[in-house]
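A structural walkthrough
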Amino acid sequence: MVLTRKVEILQKFCIPSPVSGGIIFSLVALALYACFDIEVSFDGTLKDVFMLAFFTSVGFQSDLKVLKQGGRLLVIMLVLLVVIIALQNLMPMGITKLMGVDPLIGMAAGSISMTGGHGTAGGFAGVLESMGLHGAGTIGMAAATFGLIAGSMLGGPLAEKIVRTKLTHEQMQPQDEEIDPAMSGIESDEASPTGRAKRVSTNEMEFQQYAKASYFIILIMGGGTLLSWLFAKTGVTFPTYFGALILAAIVRNVIGFVNYKENGKWKKAEKLLDMERIISVGNICLSMFLGMAMISLKLWELQSLALPLIVILVSQVLLMALFAYFVAFPLLGRDYDAAVLCAGMCGFGLGATPNAMANMSAVCYKYRYTVKPFLIVPIIGAMFADIINTGLITLFLNIL
């Protein structure tokens, strides 16, 4: 955070602060490995806990009224997802054919490691090995590591360029939406002194508010873990956070229909959910998760990449940038929501959903908060990305 405040280029390109610090830490770890053969490794337990807490907070923001408003964008994003996954596999296969190398290298550096990330890369390593690609696991993980960094570095600058060159002053103004004001989150107000002044309160009151928000998140995390366990029994693979995200969304919308009586007056039960604090706790957890993920990167794995693989990975980044700028932005509506969604698309199209959320948060912190992208991207990342990706990967592998 100090780096992001002090280094102007990091602010200009909306680089998330966990990425700024994490890359430096990873470079130090790389130096230790290269100079002294010391490999730094980490326990990932808390990283998963922070990830679960963050997506639980996202679930609490899932107001059905907003989801209904974002219906068209959701469908368009799904279509764009199918197209980019197909291109992520077609392009590297073409490159490997031109360079005369094994097309399976192209598949390992395709949507398996780009949209799929480390999890999918590990899952398909055995399949690629059985098809004759030696070291498929190492190639896939190294490519996924490259994608994780590239997705975090690309989203903010791309959205920044879109905002500066494509949007008018009127498009940057907040739109009148029928949503809970608390949904605007911490980002929209805390950038200004007047916004911070609205939150002045005693330390004890702040403690109680943040404690209550944390307890809500922890309770839903527990129930969501059981729900994810039930989902796993279906035989379909879901992300570990999916159950908590869904349960939080259910609680948020059910509680909206409940009223309670206090001092002789009826009040809406949803007021019990302090959404501003829940979002704040979620943002803290996102920073912790992404920071831990970044410092866990083993950059020396990139040294094993041969020239064809480097060419493919650089091409994947260029493909994502051009696709988001020239195809996705116009189709998504050419407005501020579309710009933020493009930042998110770069995140989960090259890295993972948390990278997408961090990219969008960085852009919104600089300009203003907007709701729809933060609802659409987790839904796509949790419910559709892995299923669509797995189906298309299987199709391309069968063609090979």
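This text goes with the structure placed above it.
Let me begin by describing the structure that accompanies this report.

With that settled, the discussion passes to the side chain of Ser315. Inspection of the secondary structure puts Ser315 in helix α15 (residues 307-331). Relative accessible area serves as the criterion here: at 18%, Ser315 is assigned to the buried category. Aside from chain neighbours lying at most four places away, what touches Ser315 is Met91 and Ile95.

This brings us to a nonpolar patch on the surface. On the surface, Ile310, Val314, Leu318, Leu322, Phe326, Val327 and Leu331 cluster together to form a nonpolar patch covering roughly 640 Å² of accessible area. For Leu322, the position within the fold is in helix α15.

Inspection of the sheet shows strand β1 (residues 259-262) paired to strand β2 (residues 265-268) by four bridges, in the antiparallel sense. Bridging from a neighbouring strand, Asn259 pairs with Lys268 of β2. As consecutive antiparallel partners, β1 and β2 are separated by two residues, and within that stretch Asn263 has a phi angle of approximately 55 degrees, a positive value.

Aromatic ring pairs: the centre-centre distance and the angle between the two ring planes describe each pair. Applying the stated criterion across every chain yields a total of six aromatic pairs. Between Phe60 and Phe216, the ring centres sit 6.4 Å apart and the planes meet at 75 degrees, which makes this aromatic pair edge-to-face. Here Phe60 is found in helix α4 (residues 45-60), whereas its partner Phe216 is found in helix α12 (residues 203-232), with 156 residues between them in sequence. Judged by relative accessible area, Phe216 falls into the partly exposed class, the value being 24%.

With that out of the way, let us pick up the packing of α15 against helix α16 (residues 336-350). Any two packed helices are characterised by the angle at which their axes cross and by the distance between the axes. At a closest axis distance of 10 Å, the pairing of α15 and α16 adopts a crossing angle of 155 degrees. Taken as axis vectors, α15 and α16 run roughly antiparallel relative to one another. Between α15 and α16 the crossing geometry is right-handed. Across the interface between the two elements, Gln316, Val317, Met320, Phe323, Ala324, Ala328 and Phe329 of α15 pack against Ala338, Ala339, Cys342, Met345, Cys346, Gly349 and Leu350 of α16.

Moving on: α12. Between the first and last C-alpha of α12 there are 43 Å, a value that for 30 residues agrees with the 44 Å anticipated at 1.5 Å per step. Of all the positions in α12, only Glu206, Ala211, Ala213, Ile217, Ile220, Met221, Gly224 and Ser228 are classed as buried. Against the buried residues of α12 lie α4, α13 (242-255) and α14 (275-295).

Quick notes on the rules
- Residues numbered from 1 in each chain as written.
- Predicted model: local features only at pLDDT ≥ 70, side-chain atom pairs only at ≥ 80, totals over all residues.
- Heavy atoms only, no water.
- Helix = DSSP H or I, 4+ residues; strand = E, 2+ residues; numbered from the N terminus.
- Buried < 20%, exposed > 50% of the residue type's maximum accessible area, 1.4 Å probe, protein only.
- Contact = heavy atoms within 4.5 Å.
- Patch = residues over 30% accessible without salt bridge, like charges linked within 9 Å, V, L, I, M, F, W, Y side chains within 5 Å.
- Areas by Shrake-Rupley, 256 points an atom, 1.4 Å probe, with all protein chains shown as cover.
- Salt bridge = Lys/Arg side-chain N within 4 Å of Asp/Glu carboxyl O.
- Pairing = 2+ DSSP bridges.
- Phe/Tyr/Trp six-rings, centres within 6.5 Å; stacked < 30°, edge-to-face > 60°.
- Axes fitted to C-alpha atoms, helices over the stretch in contact; angles between N-to-C directions.
- Parallel < 35°, antiparallel > 145°, perpendicular 65-115°, else oblique.
- Left-handed = near helix turned anticlockwise from the far one by under 90°.
- Expected span 1.5 Å × (residues − 1).

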